[in-house]
Amino acid sequence: MSRLLLLMLLCLGLPACERAQPAPRSGTDVVTLGNQGETTSTHERARIAPPPADYLSGTHWPTARLHDGAAWVSCTDDYAAQGDGRPVESLDFLVLVDTLSPCRDTGLLRLRYRGNIGPGFTALVERVGAIARRMDIRDRILDIDSTGGEVEEAIRAGDVIAGSQWAIWVRERSVCHSACVLVLAAGDTRSIAGKVGIHRLIRQQSRATTRRELSAELADITGQVRDYLARNGAASALADQMMTIPNRDLRVLTADELAGFGLSGTNAVQDDLDRITLMRQCGDDFVRRRDRFMRAFDSNCMKPGEGAEAMQACGHDLEQRFGFPDAHCAGRGALDQYAQRAGQALPLSGQSPPRGPRPGAATGAVD
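To keep things clear, this report deals only with the structure shown in the data block. (Residues numbered from 1 in each chain as written. Predicted model: local features only at pLDDT ≥ 70, side-chain atom pairs only at ≥ 80, totals over all residues. Heavy atoms only, no water.)

### A look at the nonpolar core
Alright, step 1. The biggest cluster of nonpolar side chains holds 66 residues, and the ones touching the most others in it are Leu111, Phe121, Leu142, Ile144 and Leu263.
Alright, step 2. Take this core: its biggest share by element is 8 residues, from helix 5 (residues 119-134).
Alright, step 3. Aside from chain neighbours lying at most four places away, what touches Phe121 is Leu66, Tyr113, Asn116, Leu142, Ile144, Ala157 and Val183.
Alright, step 4. In terms of nonpolar packing, the next biggest core, distinct from the first, is built from 15 residues, Cys282, Phe286, Val287 and Leu335 among them. (Core = buried A, V, L, I, M, F, W, Y, C linked by side-chain atoms within 4.5 Å. Buried < 20%, exposed > 50% of the residue type's maximum accessible area, 1.4 Å probe, protein only. Helix = DSSP H or I, 4+ residues; strand = E, 2+ residues; numbered from the N terminus. Contact = heavy atoms within 4.5 Å.)

### Quick word on the pairing of strand 4 (residues 108-115)
Alright, step 1. Where burial is concerned, most of strand 4 is hidden: 7 out of the 8 residues are buried.
Alright, step 2. Across 6 bridges, the pairing between strand 2 (residues 69-74) and strand 4 is antiparallel. Looking at strand 4, one finds that Ser74 is bridged to Arg110.
Alright, step 3. Crossover connection from strand 4 via helix 5 to parallel strand 5 (residues 139-145): handedness right-handed. (Pairing = 2+ DSSP bridges. Right-handed = clockwise from strand over helix to strand, strands pointing away.)

### Examining the pattern of salt bridges
Alright, step 1. Tallied over the entire structure, the rule returns 17 salt bridges.
Alright, step 2. Between Arg112 and Asp84 there is a salt bridge whose closest N-O contact spans 3.9 Å. With Arg112 in strand 4 and Asp84 in the loop between helix 2 (79-82) and strand 3 (86-87), this pair connects stretches of sequence that are 28 residues apart.
Alright, step 3. For Arg112, a relative accessible area of 3% corresponds to the buried category.
Alright, step 4. For Arg112, the salt bridge identified is with Asp145, shortest N-O distance 3.8 Å. One end of the pair, Arg112, is in strand 4; the other, Asp145, is in strand 5, and 33 residues separate them in sequence.
Alright, step 5. Salt bridges here are not isolated pairs; linked through shared partners, they connect Asp84, Arg110, Arg112, Arg114, Asp143, Asp145 and Arg171. (Salt bridge = Lys/Arg side-chain N within 4 Å of Asp/Glu carboxyl O.)

### Considering the packing of helix 5 against helix 6 (residues 151-162)
Alright, step 1. Running from N to C, helix 5 and helix 6 point in directions that differ by 5°, and their axes come no closer than 9 Å. Taken together, helix 5 and helix 6 sit at an angle that is classed as roughly parallel. Here Pro119, Phe121, Thr122, Val125 and Glu126 of helix 5 lie close against helix 6, whose contacting residues are Glu153, Arg156, Ala157, Val160 and Ile161. (Axes fitted to C-alpha atoms, helices over the stretch in contact; angles between N-to-C directions. Parallel < 35°, antiparallel > 145°, perpendicular 65-115°, else oblique.)

### Notes on the state of the cysteines
In protein chemistry, a disulfide is the covalent bond that joins the sulfur atoms of two cysteines.
Alright, step 1. This model, assessed by the stated rule, comprises 4 disulfides.
Alright, step 2. What pairs with Cys75 in a disulfide is Cys103, and their sulfur atoms sit 2.1 Å apart. The chirality of the disulfide connecting Cys75 with Cys103 is left-handed, given an S-S dihedral of about -80°. Here the residue Cys75 occupies a position in the loop between strand 2 and helix 2, and Cys103 occupies one in helix 4 (residues 103-106), the gap between them amounting to 28 residues.
Alright, step 3. Between Cys282 and Cys329 runs a disulfide, and the two sulfur atoms are separated by 1.6 Å. One end of the pair, Cys282, is in helix 11 (residues 268-282); the other, Cys329, is in the loop between helix 13 (308-321) and helix 14 (334-342), and 47 residues separate them in sequence. (Disulfide = S-S within 2.5 Å.)

### So, the sheet that holds strand 5
The pairing of strands in a sheet comes from backbone hydrogen bonds and takes either a parallel or an antiparallel form.
Alright, step 1. Spatial ordering of the open sheet is given by 3-2-4-5-7-9-13, a layout of 7 strands whose pairing is mixed. The outermost strands of the open sheet, each flanked by one partner alone, are strand 3 and strand 13 (265-266).
Alright, step 2. The sheet strands contacting helix 5 are strand 2, strand 4 and strand 5, and the helix crosses strand 4 at an angle near 175°.

### Description of the sheet that holds strand 11 (residues 202-203)
Alright, step 1. Spatial ordering of the open sheet is given by 6-1-11, a layout of 3 strands whose pairing is antiparallel. Here the strands that pair on one side only, and so sit at the sheet edges, are strand 6 (149-150) and strand 11.
Alright, step 2. Pairing between strand 1 (residues 32-34) and strand 6: 2 bridges, direction antiparallel. For Gly34, the partnering residue across the bridge sits in strand 6 and is Gly149.

Everything listed is a geometric property; what it means functionally is a separate question.
Next up, the structure:
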């Protein structure tokens, strides 16, 4: 397809079936840091006004830059063999179109990001997500390595991610600390092989001289964090836990704590939303049979040491037992639905990714 034709297609706008996009960011100057006492660049604070709410539907995008991080785009999930992919050299429309175009053939993009959470990161995920939607690249992975950054930007970026079908990976030798944990909460699925840690938030350029004044400064943002976590299926109690760890320290969460706080595996809110959507499309009986299939698959097919091909064969046998594929709801196979919920195992260093069922709307893994 020629570049001109591709641009014409992209200019047609976003598909109506996509999730609603979040409201544009405000022009506030308040910055709350969640990054172990490190300073964060404020270059983009000079921007006078946020971009127009509908700017992503066009081709003339306001200038934005990655000041505090670097990003790469790959069209495969096999980072052990293929690396991080092509560098994102600009957040301009035409540059991102060229960078993401190869992923049209695979239907998958993996956005590797290493750096702080700030305005540039928010612009990155919303712009890459917008181009991916126009190109109908349905499998989207955010492969992140971040020690934290600005809490307000983490919430903005998380709302963008929650509205645009991302799986999130924290792979081995990568970390997701402090403000990054808020980004992690927003994924449709969350796969964690690296370290996830929390600590207390702190207001940049705080003028507090007493504990009362400091608590008052942080009261509003702590409430915002609680609300944000709740709408993304994570425990709001995590916000309280964060405030008990000194900013200079770090508490690394265990696998049990990650699951208990709702930060790993399938996002509970998205799982419920998918279930409601499926019930509207295919009916109560379909959903009940799909649920029974999933329970049977968990107990009969997910055996320790079982290979992907054996699990697939087991799943296909179960599909027949539970009446799938269903002629009244084409394209909604039970095994596909299971793959979408469970995701794909995160490849470890030096290993190729497993070749089991591929997820649909969200590619990623669960622990």
